[in-house]
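# Structure assessment
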Amino acid sequence: MKDTLTFDQLPEAVTKMQEKLDNIEQLLISRQEQSPEQEELMPITKAAEFLDLAVPTVYSKVCRKEIPVNKRGKRLYFYRSELTEWIKSGRKKTADEIREDALQHLTTGSKKSKSF
C-alpha cells in the first residue's frame, strides 16, 4: 500500500494523476480509431475460425438463414461485428435474471380491466 500523502504533496500527486488520466484518454482514443477492424469483412474460412465452427457447419447455418451473411456472386462474406451481435443474441438468461424478470413483471405488469 502506498504511503499516505501529506497536504504539501497533494498538488504534485494531482498533477501526476492528471498526466496518467491524459495518457489513458489518449490510449482509448487511439484504440477507438483502430476499431474499424470490427467492421472487418471475412470470407467463410475466417468466419468459421472466428466462430470456432467447421466450414460446412457455417454453410448449413447460411442455408437455413440462421446467421447474418453477405453474398457477392458465389462468395460469402461476414462482418465481424454482425457475427459478434449474432453470438450475443443467443445469450441465455441466468436463473437470477429470469427470477428478477418474473418479479418485475408481477409487480409492474399491466393490469387490464376485464370487461364482461
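All values derive from a computational prediction rather than experimental measurement. (Residues numbered from 1 in each chain as written. Predicted model: local features only at pLDDT ≥ 70, side-chain atom pairs only at ≥ 80, totals over all residues. Heavy atoms only, no water.)

## Some remarks on the overall build of the protein
- Each helix and strand counted, the protein has five helices and three strands in total.
- Expressed as a percentage of the 116 residues in the protein, the buried residues total 12%.
- For the protein, the proportion of contacts with a sequence separation of at least 24, taken over those separated by at least 6, is 48%.
- Here the protein has roughly 10,700 Å² of accessible surface; of this, 55% comes from carbon and sulfur atoms. (Helix = DSSP H or I, 4+ residues; strand = E, 2+ residues; numbered from the N terminus. Buried < 20%, exposed > 50% of the residue type's maximum accessible area, 1.4 Å probe, protein only. Contact = heavy atoms within 4.5 Å. Areas by Shrake-Rupley, 256 points an atom, 1.4 Å probe, with all protein chains shown as cover.)

## Regarding the pairing of strand β3 (residues 75-79)
- Burial along β3 is one-sided: Leu76 and Phe78 are buried, while Arg75, Tyr77 and Tyr79, pointing the other way, are not.
- Bridge count between strand β1 (residues 41-43) and β3: three bridges; the pairing is antiparallel. Considered in β3, the bridge of Leu41 is made with Tyr79.
- Here strand β2 (residues 70-72) folds back onto β3, and the loop between the two strands holds two residues, one of which, Gly73, carries a positive phi near 65°. (Pairing = 2+ DSSP bridges.)

## Here's the deal with the packing of helix α2 (residues 44-51) against helix α3 (residues 55-63)
- Closest axis-to-axis distance for the α2/α3 pair is 9 Å, and the angle between their directions is 100°. Compared by their axis directions, α2 and α3 come out roughly perpendicular. On α3, the residues that touch Ile44, Thr45 and Ala48 of α2 are Val55, Val58 and Tyr59. (Axes fitted to C-alpha atoms, helices over the stretch in contact; angles between N-to-C directions. Parallel < 35°, antiparallel > 145°, perpendicular 65-115°, else oblique.)

## A word on the packing of α2 against helix α4 (residues 80-89)
- At a minimum axis distance of 11 Å, the contact between α2 and α4 shows a crossing angle of 35°. Here the hand of the crossing between α2 and α4 comes out right-handed. The segment α2 lies against α4, with Ala47, Phe50 and Leu51 engaging Arg80, Leu83, Thr84, Trp86 and Ile87.
- Of the residues belonging to the contact of α2 with α4, the class tally is six nonpolar, one polar and one charged. (Left-handed = near helix turned anticlockwise from the far one by under 90°. Nonpolar A, V, L, I, M, F, W, Y, C, P; charged D, E, K, R; others polar.)

## Structural notes on the pattern of salt bridges
- Taken as a whole and assessed by the stated rule, the structure comprises eight salt bridges.
- Here Lys93 and Asp101 are joined by a salt bridge, their closest N and O atoms 2.3 Å apart.
- Residue classification places Asp101 among the partly exposed positions, given a relative accessible area of 32%.
- The partner of Arg99 in a salt bridge is Asp96, with the nearest N and O atoms 2.6 Å apart. Of this pair, Arg99 and Asp96 both sit in helix α5 (residues 95-108), three residues apart, which is roughly one turn of the helix.
- The exposure class of Arg99 is partly exposed, given its relative accessible area of 48%.
- Connected through salt bridges with shared partners, the residues Lys61, Arg64 and Glu66 form a single ionic network. (Salt bridge = Lys/Arg side-chain N within 4 Å of Asp/Glu carboxyl O.)

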